[in-house]
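# Commentary on secondary and tertiary structure
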Amino acid sequence: MSDGSDNELWRPSNSPSEHFTDASGADENDEWPVEIVGEEVDHRGEVRYEARWGNWKRPDGTNVTWNNSYLDPGILRRWKHAQKIHRNRLARESQEIELWFDLDVHNDETRLRAQAYEEKLRISPEIDLEEQMLRLREKRSQPPRSIAPLPVRAKSNANIFKKPRSLRDKLYMEWNYAAHSCHAAKITLSNEVDDDEVPDVPPGFEYIETGYVYSPGIPQFEDDGLFVKCECGDCSSAETCGCQDPSELLDSDGRRGYAYTSEGLFNFTCPPGVIVIECNRCCECDMHCINRVAQRPRDVPIEIFKTRNRGWGVRSPVHVERGKVLGIYTGLLLTRESADNLVDNVYCFDLDGQENVDDSERVSHAYSVDSKRHGNWTRFINHSCSPNLRVYLVVYDNVPEMYTPYLAFVATEDIEPGNEFTFDYDPAAGNTQAKGKGKGKQRIPEGASPCECGSASCRGWMR
């Protein structure tokens with residue numbers, strides 16, 4: 001029976017024990033891939049971490065836990081280090097604290113931690129947030145009056161709390177709202193180089209986490225009857241998976257194969273220009289299918305940051321494993337002819353997968369995607385002659401015969417937290433250099449720009 005104390009009243013029930021021993025998907029050490037995706041401060045002031053497990057799930061299909069004891073100390077250490085850096089950066093960038101007006105007092109500490117309150121307090125000790133919050137709650141708990149009271153003169157430090165949202169805050173909210181609506185992980189913006197508040201995007205830029213915006217006249221796929229679907233249920237073999245009938249992807253034995261491992265990683269068996277055909281909405285399998293990877297929500301948090309010599313770039317605060325599919329290139333879908341006629345086609349990406357052939361040999365039904373005015377975080381990925389990402393073609397909500405696949409980005413090596421994501425803007429030039437005898441920088445061809453990637457194998461130019 002309760003003694004009426006606050007601690008007893010708010011004592012949470014014990015979480016059920018998870019059972020890992022009877023689940024499949026572990027590695028040779030009986031461990032499952034796991035990633036920390038969030039954190040909260042509980043009623044005792046202790047931080048609990050939200051972890052998403054790769055190959056393990058409960059009978060109800062969920063795969064998220066909040067029990068710190070399940071997590072490897074190394075994973076916890078990396079997450080804490082990355083979050084500490086992030087909070088210190090927030091404290092340096094702004095002394096603002098966004099107030100909230102509901103009575104959900106149990107999440108106060110979590111909200112304050114997310115805004116780096118303790119770090120900001122060390123920089124500006126005059127902030128008395130507890131007093132401000134108490135006044136707001138007292139106001140909202142009072143019954144309405146028949147005559148509105150006169151406005152209270154703001155204190156000298158009220159601008160700390162009342163300052164209008166900055167352009168960075170506006171973009172942060174808009175982009176994360178769009179990402180969250182697709183169940184994608186968080187996006188952050190940072191600049192420790194100069195005074196640029198946000199990346200250089202045109203007015204009215206629309207953030208699109210996944211999919212295309214179709215230009216007038218571009219055909220959209222609407223007939224599900226054109227899908228080749230599978231009825232195998234578990235998709236354990238590409239040989240017997242019906243939706244793989246049109247696939248040109250073969251394994252080392254010359255048989256039809258998938259582009260992914262059982263852990264959901266790209267296996268690098270797909271040659272350039274070959275389209276990966278994932279299971280579609282007419283197939284009988286669910287989203288845990290081995291052949292549904294690029295279409296899953298992005299679960300890697302993204303940081304768009306200002307580099308010292310190459311504009312804005314992209315990195316992640318978490319470790320990225322080789323073969324991890326990170327996301328797709330989005331934007332305005334248009335014909336190749338229209339793309340070639342654009343005055344500014346810096347953000348155009350060809351969709352025919354023929355980067356390794358001359359323009360005269362390209363297919364007739366050719367399309368491009370332009371992310372200048374519509375796009376996502378992938379538009380900020382910089383070039384490198386020694387990249388850690390590559391692009392492959394994939395379809396899952398249309399068919400290859402539409403010639404409008406998605407361009408998916410995959411890690412070609414393990415990428416440590418904070419290391420910049422890069423890919424080769426001109427892989428054909430890289431292949432030519434690899435086949436030749438010369439090493440290092442080459443003469444800049446017509447129409448190319450000097451390369452600033454700084455890698456040991458830099459060819460000196462990019463286009």
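### Considering the nonpolar core
Among the nonpolar cores identified, the biggest contains 70 residues, and Trp175, Tyr260, Tyr392 and Phe421 are the most heavily contacted of them. Of the residues forming this core, the biggest block, 6 residues, is contributed by strand E17 (residues 406–411). Apart from residues lying up to four places away in sequence, phenylalanine 421 is in contact with Ile302, Val314, Arg315, Ser316, Val320, Leu326, Trp377, Ile381, Asn382, Asn388, Leu389 and Ile415. Cys230, Cys243, Cys279 and Cys283 belong to the second largest nonpolar core, which has 10 residues in total.

### Quick word on the confidence of the model for the protein chain
Taken as a whole, the protein chain shows an average pLDDT of 79; of its residues, 76% reach a score of 70 or greater. Overall, residues 1–10 carries pLDDT values under 50, and its contacts beyond four positions in sequence, including any with other chains, amount to 6 contacts.

### Some details on the sheet that holds strand E15 (residues 382–383)
Read across the sheet, 5 strands follow the order E4-E8-E9-E18-E15 without closing on themselves; strand pairing throughout is mixed. Because the sheet does not close on itself, it has two edges, and the strands there are strand E4 (187–190) and E15. In this structure, strand E9 (residues 312–315) lies alongside strand E18 (residues 420–423), joined through 2 bridges in antiparallel fashion. Pairing of arginine 315 across the sheet is with glutamate 420, part of E18. Across the sheet, helix H2 (residues 73–93) is in contact with E4, strand E8 (302–306) and E9; its angle to E4 comes to roughly 50 degrees. Across the sheet, helix H7 (residues 167–181) is in contact with E4 and E8; its angle to E4 comes to roughly 160 degrees.

Calculation notes
- Residues numbered from 1 in each chain as written.
- Predicted model: local features only at pLDDT ≥ 70, side-chain atom pairs only at ≥ 80, totals over all residues.
- Heavy atoms only, no water.
- Core = buried A, V, L, I, M, F, W, Y, C linked by side-chain atoms within 4.5 Å.
- Buried < 20%, exposed > 50% of the residue type's maximum accessible area, 1.4 Å probe, protein only.
- Helix = DSSP H or I, 4+ residues; strand = E, 2+ residues; numbered from the N terminus.
- Contact = heavy atoms within 4.5 Å.
- pLDDT = per-residue confidence, 0-100.
- Pairing = 2+ DSSP bridges.
- Axes fitted to C-alpha atoms, helices over the stretch in contact; angles between N-to-C directions.

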